[in-house]
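If you want the building blocks of each chain, they are given just below.
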Amino acid sequence: MFDSILSANLTEIKQAVWFTEIPDETIKWIGHPSIITRIPQFILSVVVICIGAIAPVWTYQFAHGLELALIPLGAGLFIYEYLAIKSITIPGTNFQIGGRTYVITDQRIIKKTGIISRNTLVLRYANIEHTSKTQSILERIFDFGDVEIATAGTGFTEAYLDDVRDPKRVAELIDNMRSRTTTKEQGKLQESSSESHT
């Protein structure tokens, strides 16, 4: 499952303005929040559009055209909710609008959020103390949930990868990358200490 998600989004991520690739870095996973969490908002926006379209016909009159104003309002709500989850790349550019994107590489974790303004959080594995996952009953049924990442020194959760599919596997991937990084760093320390003794 991860391979199909990765290949579909790899080119898009590498071309994104907010992503700067480090030499010898390998992207292991790319994700977005599950769309299931936004279903109530999507339904509300469709209802608003329908009321705007049907109310004037149903009442046989236009009350100052206010009902028709509900159509763009509903469409706007729908677009806003979509952009809260997914990014849209403007054709012919590397500019992306909206969404939350999570990228796990062999060197770091990147969380990009924002619809108009953009926030990018980068966590290196050396700073990660532990990961955990949380799922409600509904999230367990549909196999999505939150992955919490706590950093060393604070003991507090530094980042949430919200509403990701298969959170257990995502948390395991982060733990595997973290243990590989720790093993590599310990090997480098041992090499440097043995070189200094000779």
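Residues numbered from 1 in each chain as written. Predicted model: local features only at pLDDT ≥ 70, side-chain atom pairs only at ≥ 80, totals over all residues. Heavy atoms only, no water.

Enquirer: Run through the environment of W18, naming residues and quoting values.
Expert: Examined against the element boundaries, W18 turns out to sit in the loop between α1 (2–15) and β1 (27–31). Remark: the alpha-carbon pair of W18 and K112, spanning 94 residues in sequence, is separated by 8.0 Å. (Helix = DSSP H or I, 4+ residues; strand = E, 2+ residues; numbered from the N terminus.)

Enquirer: Can you tell me about the sheet that holds strand β7 (residues 128–134), naming the residues and giving the values?
Expert: Read from one edge of the open sheet, three strands run β7-β8-β9, paired in antiparallel fashion. Strands with a single pairing partner mark the edges of an open sheet, and in this sheet they are β7 and β9 (157–165). Ignoring strand direction, the axes of neighbouring strands in this sheet form an average angle of 20 degrees. As paired elements, β7 and strand β8 (residues 144–151) share six bridges and run antiparallel to each other. Along β8, the bridge assignment pairs T134 with D146. (Pairing = 2+ DSSP bridges. Axes fitted to C-alpha atoms, helices over the stretch in contact; angles between N-to-C directions.)

Enquirer: So what about the sheet that holds β1? Which residues, and what values?
Expert: Taken together, the four strands give an open sheet; going across it, the order is β1-β4-β5-β6, and neighbouring strands pair in antiparallel fashion. Since the sheet does not close on itself, it has two edges, and those belong to β1 and β6 (119–124), each with one partner. Across this sheet, the average inter-strand angle for adjacent strands is 10 degrees, counted without regard to direction.

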